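Here are the chains, one letter per residue:
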Amino acid sequence: MSKQKRERNVLAFTGATALAVIAVNFAITAFKRRHKKKDLQGSIVRVNLSAAEILKLADKIVSKSKEVHDAVASVPLDKVTFMNVISPLAELEAQQFPLVQSCVFPKLVCTSDDVCKSSAEAERKIDAHMLSCSNREDVYRVVKAVAATGEWVSPEAKRYIQSLVRDFERSGLNLTISKREEVQRLRDQIDELSLQYVRNLNDDKTFLLFSEADLLGLPPEFLKSLDKAENGIFKVTLKSHHVAAVLELCKCAFEPLKVGRTRRLVAVAYGKRCGGINLSVLESLVELRHKFARLLGYSNYADYALDLRMAKSSSKVFEFLEEISASLTDLASRELLMLKDLKRKEEGELPFGIEDLLYYVRRVEELQFDLDFGAVKQYFPVNLVLSGIFKVFQDLFGLRFEEVLDAVVWHSDVRVFSVFDLSSNDLLGYFYLDIYKREGKYAHTCVVALQNGALSSTGARQIPVALLISQIQKDIVGHPSLLRFSEVVNFFHEFGHVVQQICNRASFARFSGLRVDPDFVEIPAQLLENWCYESFSLKLISGFHQDITTPIKDEICKSLKRRRYAFSALKLKQEILYCIFDQIIHSADNVDIVELFKHLHPKVMLGLPMLEGTNPASCFPRSAIGFESACYSRIWSEVFAADIFACKFRDGLLNQRVGMQFRNNVLAPGGSKEPIEILSDFLGREPSIQAFVDSRAECSL
């Protein structure tokens, strides 16, 4: 090997020894950073902007956007062409997206209050401008004129033009002025009611009082975290982390009249939150959404929402949910019987209620699986996990990751990697890793697209850039940073999004990376979670922290895989219940929301009734904001991910031939083709639910 190749910081090793080498490499590179920093070739993302620079850049973005839109709008209708109308808009999107992200992403990672405030202010300013652009009738007219010519440069260009027209018309620009004003008025009311619903839940200060005996089974650290009343009684709030702990862990006092009492009281109180006020808000919200959708030419709000998604129609969603639910009924019935039997043994002949579900699922798991997650964590030092993930993704997708040691970053913990095609050595893109805990930083693990890939009018390709954010505790001397198994799964999932962003080859930024159909965007990431449950790949990403050459034990791997789908049918039934409710209220008029839930609950949940006095519709924010008429989407993507894994990858976890097919035929097109067409071409048939159902049955207890 040449000296030059030896000195390059390349992460493309193979074999167990290489993992140890890479892990050491991860641990020492922080000490090798050079003093002279440089920008990334091909990236126009700006990092380390001051508060004033962010606001100045936001003004430039708005000014440039207005200039381009004005120029496009000035083209005479009889002179419109792709080059003088569509191309300028497409290039504006591609060039401005990384600049917009340069203004917006600092609020996720920066610890300076001034910078965070400027970032939030810039986002509001840019959003307001984008909204005004979506309502420009003069631009809509010239775009519509180009569409009317029927002269498409390419199938992807046709899709792009159609998406521009569709977006304008979803803003009401094909309507009369009075109807357009009504659309805007309804949109404003919908936005306000959605926020009010969530505010009501966030502002709820309800708490319940319990003695220590009432909270038997909850760990001492949880009890220490609770506030107390004057008499020393514990206050349990209705915030999700309190409720989940009680429902999962609370044994309650073993007295005939008190067994299960605390769980039931907490579950009822949780299900009654904002009962009166939010029920009224949701009813008004649904009514306004239907009016809004019908003004835009849709039969109901569900059809409006689903028009942009793979499912396309509420009838398809109902068919999907009912098929999944029916396929899982036998398995869910066996799971419920097992839980009822255990409750009978532990609590006597008391009826099993929905409030018992989490507690007895955990109890069965304790009895069935020999898993100590504290011990499991010892096999996942963060640097080794990262190096193992790198190896899997490089080997599977024909990639090479190389650290850029002298890149400009916003914090010394941040690392930057170039991504190259393994065979051609072409630069495909970059990603930033900002994974260590920092005060004021975004609290969850996620991927942010910083720059989307696109082709310019000259044929030059803009390369994609991604950012992975997390909040992992950094290594301390004598205390290596170890990941919980759930965090390992999260990392695999989010690296799926990184590769999805980097490997996209769409011509238009609008179809690039993560800007794909909402029902499709999670499929690659959910697919890649499967590698966390196979012994072969688990051993590649694990090693005992005191001796990283000692991989995780086979027995642990098997238990993790079996536990993955323990009681999954029953849990899915509960999720499907909410999805069906969400779909019904957004596809039908004059629905009695309370009676609907009372009817659906025992029907879907195998006879288990809704808790008396509760009203789940008043505390179901996904249906109020963010996932209205789309609550099914998580299950949808999980079903397709299971089909892809079983059909293509289960028998060859590092099969690069199949991995390259997935990269080139699924990731590369992005949003430039219909997702169902992409998946059918890759699978060689239409997607099926069978693998999803079979995977649950295979791991049943």
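- Looking at an unreviewed UniProt entry, one finds the chain named Thimet oligopeptidase and attributed to Citrus sinensis.

1. Brief notes about the environment of L608
Thought 1: As for its position among the elements, L608 is in the loop between helix 24 (593–604) and helix 25 (633–649).
Thought 2: Here L608 is in contact with L336, F352, I354, H601 and P602, once residues within four sequence places are set aside.

2. What to know about helix 16 (residues 357–368)
Thought 1: The end-to-end C-alpha separation of helix 16 is 16 Å, in line with the 16 Å expected for twelve residues at 1.5 Å each.
Thought 2: Among the residues making up helix 16, those that are buried are L357, Y359, Y360, V361, R362, R363, V364 and E365.
Thought 3: Along its buried surface, helix 16 packs onto helix 11 (240–249), helix 12 (261–271), helix 15 (314–347), helix 22 (554–564) and helix 23 (568–585).

3. Notes on the packing of aromatic side chains
Thought 1: Enumeration according to the criterion identifies 36 aromatic pairs in this entry.
Thought 2: For the pair Y160 and F508, a centre-to-centre distance of 4.5 Å together with 10° between the ring planes defines the contact as stacked. Note that Y160 is positioned in helix 8 (residues 155–170) and F508 in the loop between helix 19 (485–502) and helix 20 (523–528), a separation of 348 residues in sequence.
Thought 3: According to the relative accessible area criterion, Y160 is buried, its value standing at 0%.
Thought 4: Assessed through its relative accessible area of 9%, F508 is described here as buried.
Thought 5: Ring geometry for F390 and F495: centres 5.5 Å apart, planes at 75°, overall edge-to-face. A residue pair is termed long-range when its members are at least 10 positions apart, and F390 in helix 18 (residues 382–397) and F495 in helix 19 qualify at 105 residues.
Thought 6: Given a relative accessible area of 0%, F495 falls into the buried group.
Thought 7: Taking NZ or CZ as reference, R263 lies 4.2 Å from the ring centre of Y359, over its face.
Thought 8: A cation over a ring is seen here: R289 above Y301, with NZ or CZ 5.5 Å from the ring centre.

4. Topic: the pattern of salt bridges
Thought 1: With the rule as written, the count across this model stands at 50 salt bridges.
Thought 2: Across the salt bridge formed by K144 and E169, the nearest N and O atoms sit 3.0 Å from each other. Residue K144 is located in helix 7 (residues 137–149), and its partner E169 is located in helix 8; the two are separated by 25 residues in the primary sequence.
Thought 3: Since its relative accessible area comes to 21%, E169 is described here as partly exposed.
Thought 4: For E403, the salt bridge identified is with R415, shortest N-O distance 2.7 Å. Linking E403 in strand 4 (residues 399–403) with R415 in strand 5 (residues 415–421), this pair joins segments that are twelve residues apart in sequence.

Conventions we followed
Residues numbered from 1 in each chain as written. Predicted model: local features only at pLDDT ≥ 70, side-chain atom pairs only at ≥ 80, totals over all residues. Heavy atoms only, no water. Helix = DSSP H or I, 4+ residues; strand = E, 2+ residues; numbered from the N terminus. Contact = heavy atoms within 4.5 Å. Expected span 1.5 Å × (residues − 1). Buried < 20%, exposed > 50% of the residue type's maximum accessible area, 1.4 Å probe, protein only. Phe/Tyr/Trp six-rings, centres within 6.5 Å; stacked < 30°, edge-to-face > 60°. Lys NZ or Arg CZ within 6 Å of the ring centre and 35° of its normal. Salt bridge = Lys/Arg side-chain N within 4 Å of Asp/Glu carboxyl O.

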